[in-house]
Amino acid sequence: MATTTLTGFSVMSLLSLAYLSWDLMSPNQVENEPDPTFNVKSPVQQPPHIIFIMTDDQGFNDIGYHSSDIRTPVLDKLAADGVKLENYYVQPICTPSRSQLITGRYQIHTGLQHSIIRPRQPNCLPFDQVTLPQRLQQLGYSTHMVGKWHLGFYKKECLPTRRGFDTYLGSLTGSMDYYTYESCDGPRLCGFDLHEGESVSWRRRGKYSTHLYTQRVRKILAAHDPLSQPLFIFLSFQAVHTPLQCPQEYIYPYNELENFARRKYAAMVSSVDEAVRNITYALRKYGYYKNSILIFSTDNGGQPLSGGSNWPLRGRKGTYWEGGVRGLGFVHSPLLRKKRRVSKALVHITDWYPTLVGLAGGNESLTEGVDGYNVWEAISEGKESPRFEILHNIDPLYNHARTGSLQKGFGIWNTAIQASIRAGDWKLLTGDPGYGDWIPPPILPGFPREYWNLERHITPGKSVWLFNVSGDPYERFDLSEQRPDVVKELLARLVYYNRTAVPVRYPSEDPQADPQLNGGAWGPWMGDEEEETWDYQKENMEWKRKLKMFKS
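- Looking at an unreviewed UniProt entry, the protein chain carries the name Sulfatase N-terminal domain-containing protein, with the source organism given as Ataeniobius toweri.
- Under the heading Sequence similarities (unreviewed entry), UniProt records this for the protein chain: "Belongs to the sulfatase family."

Focus on the sheet that holds strand 19 (residues 426–430)
- Spatially, the four strands line up as an open sheet ordered 17-18-19-20, and their pairing is antiparallel. Either end of the sheet is taken by a strand with one partner, and the two such strands are strand 17 (389–395) and strand 20 (464–468). In this sheet, neighbouring strand axes are inclined to one another by 10° on average, regardless of whether the strands run parallel or antiparallel.
- Of the strand pairs in this sheet, strand 19 and strand 20 are connected by five bridges, and their pairing is antiparallel. Considered in strand 20, the bridge of Leu429 is made with Trp465.
- Set on the sheet, helix 11 (residues 484–498) makes contact with strand 17, strand 18 (418–423), strand 19 and strand 20; between it and strand 19 the angle comes to about 70°.

Quick word on the environment of Ser199
- In this structure, Ser199 sits in strand 11 (residues 199–200).
- Along the sequence, Ser199 and Tyr168 sit 31 residues apart, while their C-alpha atoms lie 9.9 Å from each other.

Overview of the pairing of strand 6 (residues 142–147)
- With six of its six residues buried, strand 6 lies for the most part within the structure.
- In terms of strand pairing, strand 6 meets strand 12 (residues 231–236) through six bridges, oriented parallel. By the bridge assignment for strand 12, Met145 is matched with Phe234.

Overview of the sheet that holds strand 14 (residues 329–332)
- Taken together, the ten strands give an open sheet; going across it, the order is 11-10-7-6-12-3-13-14-4-15, and neighbouring strands pair in mixed fashion. The open sheet terminates on both sides in strands that have one partner only, identified here as strand 11 and strand 15 (341–343).
- This element, helix 2 (residues 73–81), spans strand 4 (83–85), strand 13 (292–298), strand 14 and strand 15 of the sheet and lies at about 70° to strand 14.

What to know about helix 3 (residues 94–103)
- Among the ten residues that make up helix 3, ten are buried, leaving the element largely enclosed by the rest of the structure.
- Considered for burial, the residues of helix 3 that qualify are Cys94, Thr95, Pro96, Ser97, Arg98, Ser99, Gln100, Leu101, Ile102 and Thr103.
- Of the surrounding elements, those touching the buried residues of helix 3 are strand 3 (49–55), helix 4 (132–138), strand 12, strand 16 (347–348) and helix 9 (352–359).
- Following helix 3 by one or two positions, Gly104 has its phi on the positive side, about 70°.

Focus on the nonpolar core
- Counting 56 residues, the largest nonpolar core has Ile53, Tyr213, Leu221, Leu235 and Phe330 as its most contacted members.
- For this core, the secondary-structure elements that each account for two or more residues are strand 3, helix 2, helix 5 (209–223), strand 12, helix 6 (248–251), helix 7 (260–285) and strand 13.
- A per-element tally of this core places helix 7 first, with twelve residues.
- With residues up to four places along the chain from it excluded, the contact list for Leu221 reads Leu231, Ile233, Ile279, Ala282, Leu283, Tyr286 and Tyr288.
- Met54, Leu112, Phe232 and Val347 belong to the second largest nonpolar core, which has 49 residues in total.

Re the packing of helix 5 against helix 7
- Where helix 5 contacts helix 7, the two axes come as close as 10 Å, and the packing angle between them is 5°. Judged on the interaxial angle alone, helix 7 and helix 5 are roughly parallel. Taking contact as the criterion, the partners of Thr210, His211, Thr214, Val217, Arg218 and Leu221 in helix 5 are, on helix 7, Ser271, Val272, Glu274, Ala275, Asn278, Ile279, Tyr281, Ala282 and Leu283.
- Residues belonging to the contact of helix 5 with helix 7 are distributed by class as follows: eight nonpolar, five polar and two charged.

Quick word on the state of the cysteines
- As enumerated under the stated definition, the model contains two disulfides in all.
- Sulfur-sulfur distance for the disulfide between Cys124 and Cys158 comes to 2.3 Å. Measuring handedness by torsion sign, the sulfur bridge of Cys124 and Cys158 sits at about -65° and is left-handed. A residue pair is termed long-range when its members are at least 10 positions apart, and Cys124 in the loop between helix 3 and helix 4 and Cys158 in the loop between strand 6 and strand 7 (167–170) qualify at 34 residues. Grouping residues by exposure puts Cys124 and Cys158 together as buried.

Section: the packing of aromatic side chains
- Here the structure, examined in full by the defined rule, presents 16 aromatic pairs.
- Plain terms: the ring middles of Phe52 and Phe234 are 5.9 Å apart, the flat faces sit at 75° to each other, and that makes the pair edge-to-face. Linking Phe52 in strand 3 with Phe234 in strand 12, this pair joins segments that are 182 residues apart in sequence. Comparing Phe52 with Phe234 shows no difference in burial state: the two are buried.
- Ring centres of Phe153 and Trp525 lie 6.0 Å apart, and the angle between their planes is 85°; on these two criteria the pair is classed as edge-to-face. Of this pair, Phe153 sits in the loop between strand 6 and strand 7 while Trp525 sits in the loop between helix 11 and helix 12 (536–551); the two residues are 372 residues apart in sequence, bridging distant segments of the chain.
- In this structure Phe153 comes out as buried when scored by relative accessible area, which is 3%.
- With relative accessibility at 13%, the residue Trp525 sits in the buried group.
- Through a chain of ring-to-ring contacts, the aromatic side chains of Phe52, Tyr88, Phe234 and Trp352 assemble into a single cluster.
- Between the NZ or CZ atom of Arg314 and the centre of the ring of Trp321, over which it lies, the distance is 3.9 Å.

The rules we used
Residues numbered from 1 in each chain as written. Predicted model: local features only at pLDDT ≥ 70, side-chain atom pairs only at ≥ 80, totals over all residues. Heavy atoms only, no water. UniProt positions renumbered as here; feature names shortened; annotations may be inferred. Pairing = 2+ DSSP bridges. Helix = DSSP H or I, 4+ residues; strand = E, 2+ residues; numbered from the N terminus. Axes fitted to C-alpha atoms, helices over the stretch in contact; angles between N-to-C directions. Contact = heavy atoms within 4.5 Å. Buried < 20%, exposed > 50% of the residue type's maximum accessible area, 1.4 Å probe, protein only. Core = buried A, V, L, I, M, F, W, Y, C linked by side-chain atoms within 4.5 Å. Parallel < 35°, antiparallel > 145°, perpendicular 65-115°, else oblique. Nonpolar A, V, L, I, M, F, W, Y, C, P; charged D, E, K, R; others polar. Disulfide = S-S within 2.5 Å. Phe/Tyr/Trp six-rings, centres within 6.5 Å; stacked < 30°, edge-to-face > 60°. Lys NZ or Arg CZ within 6 Å of the ring centre and 35° of its normal.

Written out as structure tokens, the structure is:
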């Protein structure tokens, strides 16, 4: 197939050369970086440098080693030389995944079990939680965050620099324009959202965010001495969340994709792939690589309406089907004892907290009370995972399934409530799990709406599903009626977890958060001395009243 040419060379050829040459300068590479004065192996006794890279809305089928239409040679190579995590779970939307990574705790234990933190909500990561970067600081790490926060910002005490990060550059809200950094939370409710530390960074407007964030990481690596202090960097890319925006040079290689959304989405993934190449090169150049651990993870499933794909898994972003919660993930490190393999060990996003604290030299007392497990031996040595069970969530505020009842839950659980749990090979869902179709990759010229209903197999009137996800990872065979004994056991586990749940934190939106009242930018609007006065029970009742009105 013919490809667009530039001065006699095809774009595909140019990109191939770029990937083969680690020294090639690219748009998101730092100019005038100082030459390294050291490039030797770090002392064995020093804890490893940790680079955690998270992408936004990247689906299970949106990486080269799972996909036939998206090319990610760098990610593929890093994963192939490391350990691919093929039984790895995240949460179905942004805030929950980030909160569980940062705290190591399920949503029911932080009050964030419903939806996301909206920009105008006076809500953020609970102050009584000791965060992962705070623990790493205690263990002597230099900690840095770059990218999307989305864990609340109504007070300055909520900001990344107050929750354990020495430095921060990124956005506080859930999505924004990749060039102007404008973020909107409804009509005429828009504001600038790029922050450095605790200040608005107006001067960086116009730089593509994937490039900007990569430059920042490379500058951190260039300025730090890897022999003097271990480093933790949390790079939380905005990509590949909507809006679908990308420099044109990344789109050319995908001109053969007839679906426009998929074409731009694939280009955005390629820009992330290049960014990871530049970061990996910097790790080698500045002497970090031999004593480093690079973790790659998505935050939730892909959104097919915006070019993403979770095929052949069921469901999409925002649902508790496998397409919403089965995450892309791998670990690349010279410190791995058994490399170049695929791991089927059960791993959840909460596990990174105790795993990384353990690698940093912390003892078990520093992770007491978290819901995660230290899974390093399972990843590095191929041992059995200490994790047997995952509580995906219990959300008492989500739309209740009309056909659910306490009777259908054997008198111990109201199946109208949205909840999901996995134990061993079994996965149980109750209530309304979300959109539950199998959505083929978007390849038609228009949009997948032409075949949106081809695989609609949700049985009307159901509020309980049971799957053996080890033998049926695509969730096509519901066994809830054949195995009521397993259903009852898993419902009992939901009851157990629910007894430990804290009240849902989902306050009403505050009109004082309007960016136009705060200099045109999103940021803290409430003083730290102001008390949190909302009544959780009252707020929950108000939310239920709104849901009832919506249904009517």
